[in-house]
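# Structure at a glance
Single-letter residue listing:
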Amino acid sequence: MKFKKSSVNVLVAINVVVFLLINVLRFMPLDLFALYFPVNAKFGIWQFVTYLFLHGSVAHLLFNMFALFSFGSVLESSWGTRRFLFFYFITGIGAALIYTLVNYYQFSATYEQLRELGLGVGEIEAMLVSGSVNTDLFSSISKTQLTAFFSTFHTPAVGASGAIYGILIAFALSFPNAKLALIFLPVPISAKYFVPILISADLFFGVTNYSIGNIAHFAHIGGAIFGLIIMLWWRRKKIRI
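Owing to the predicted nature of the structure, the values given are computational and were not obtained by experimental measurement. (Residues numbered from 1 in each chain as written. Predicted model: local features only at pLDDT ≥ 70, side-chain atom pairs only at ≥ 80, totals over all residues. Heavy atoms only, no water.)

Here the protein chain averages 87 in pLDDT, and 92% of its residues register 70 or above. Per-element averaging of pLDDT across the protein chain places strand S1 (residues 179-182) at the bottom with 71 and helix H3 (residues 47-50) at the top with 97. (pLDDT = per-residue confidence, 0-100. Helix = DSSP H or I, 4+ residues; strand = E, 2+ residues; numbered from the N terminus.)

This paragraph deals with a nonpolar patch on the surface. Judged by side-chain polarity, Val 16, Leu 20, Val 24, Leu 25 and Phe 27 come together as a nonpolar surface patch covering roughly 500 Å² of accessible area. Assignment of secondary structure puts Val 16 in helix H1 (residues 7-24). (Patch = residues over 30% accessible without salt bridge, like charges linked within 9 Å, V, L, I, M, F, W, Y side chains within 5 Å. Areas by Shrake-Rupley, 256 points an atom, 1.4 Å probe, with all protein chains shown as cover. Salt bridge = Lys/Arg side-chain N within 4 Å of Asp/Glu carboxyl O.)

Here we take up the environment of Phe 218. As for its position among the elements, Phe 218 is in helix H10 (residues 217-236). Sequence separation of Phe 218 and Thr 81 is 137 residues, and the distance between their C-alpha atoms is 27 Å. Residues contacting Phe 218, with those up to four places away along its chain left out, are Ala 95, Ile 98, Tyr 99, Val 102, Gly 206 and Val 207. (Contact = heavy atoms within 4.5 Å.)

Before going further, it helps to examine the nonpolar core. Among the nonpolar cores identified, the biggest contains 43 residues, and Leu 68, Trp 79, Phe 84, Phe 87, Tyr 88 and Ile 167 are the most heavily contacted of them. Only H1, helix H4 (58-79), helix H5 (81-116), helix H8 (161-174), helix H9 (191-207) and H10 provide two or more residues apiece to this core. If you tally residues by element for this core, the top one is H8, at nine residues. Ignoring any residue separated from it by four or fewer positions in sequence, one finds Tyr 88 in contact with Leu 11, Leu 68, Ala 160, Ala 163 and Ile 167. Judged by nonpolar contacts, the second largest core, of 14 residues, contains Tyr 111, Leu 119, Leu 146 and Phe 149. (Core = buried A, V, L, I, M, F, W, Y, C linked by side-chain atoms within 4.5 Å. Buried < 20%, exposed > 50% of the residue type's maximum accessible area, 1.4 Å probe, protein only.)

Evaluated as defined, the whole model comprises one cavity of 30 Å³ or more. The volume enclosed by the largest cavity comes to roughly 50 Å³. If you go around the largest cavity, the residues you meet are Leu 35, Tyr 36, Phe 37, Pro 38, Tyr 99, Thr 100, Asn 103, Thr 152, Thr 155 and Ala 157. Of all the elements, H5 adds the most residues to the lining of the largest cavity, at three residues. Classifying every residue of the lining of the largest cavity gives six nonpolar, four polar and no charged. (1 Å grid on protein atoms, 1.4 Å probe; cavity = no way out; pocket = protein on both sides within 12 Å on 5 of 7 lines; lining within 4 Å. Points joined across faces, edges and corners; volume = space filled by probe spheres on them. Nonpolar A, V, L, I, M, F, W, Y, C, P; charged D, E, K, R; others polar.)

The next point concerns the pattern of salt bridges. For the structure shown, the criterion picks out one salt bridge. Residue Lys 42 is joined to Asp 31 by a salt bridge in which the shortest nitrogen-to-oxygen separation is 3.1 Å. Taken as a pair, Lys 42 in the loop between helix H2 (30-33) and H3 and Asp 31 in helix H2 lie far apart in primary sequence, eleven residues in all. Relative accessible area serves as the criterion here: at 43%, Lys 42 is assigned to the partly exposed category. The exposure class of Asp 31 is partly exposed, given its relative accessible area of 32%.

Now for the side chain of His 55. Mapped onto the elements, His 55 comes out in the loop between H3 and H4. In this structure the side chain of His 55 is engaged in a polar contact, spanning 3.1 Å, whose partner is the side chain of Asn 64. From its side chain, His 55 meets the backbone nitrogen of Ala 160 in a polar contact 3.4 Å long. Residues contacting His 55, with those up to four places away along its chain left out, are Asn 15, Phe 19, Asn 23, His 60, Leu 61, Asn 64, Met 65, Val 158, Gly 159 and Ala 160. (Polar contact = N/O pair within 3.5 Å; in protein donor to acceptor, adjacent residues only side chain to side chain.)

Here's what the structure looks like:
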């Protein structure tokens, strides 16, 4: 059986190799390539791209690579390699930008509250670096809000999910009536219905405290937004896709 050469296969292979090097062999430092919050000393501009090739667990890797292979292969066959890679990386970078902007807005709001409570810039920075907080603050700022404040500063984002959501949007617009039957949704449903439902769920979890696990919901939404913008732009310019 001849192995089909495609950028999707290459991307999947790179993700698997990087996962093994970082998570199994401990050969590469995660902190250098994961996407950190810009005010963290570990942040680097290149992380807006490199975070796409990192995954936190085997399940995370398998789910993303399954989606990339299943939907990305169809789009690459339809568009060609150059257009697909452009779309993949722009939606991935766009997802990181929106995720970072949302985090910055939420982080800044808590930061200003701490300043209004009388904490100096040095005190807040020391608190962030040490990871410890004066419990007296809980009377003015909720523990949930402060936990999110610390998490935004310390926890990096990893994964190709933002780009995957861009791919899902493109697939739904290109093949709206394609039937999808997933493990957690055994009844086949058209892509034009499934993808909006999936994104609506991310929006709900992103603006509430009901999220299951440490998931970057706004990165998903960001990838979907950039994917939609690109698709609408291509259609407006009548670029054949």
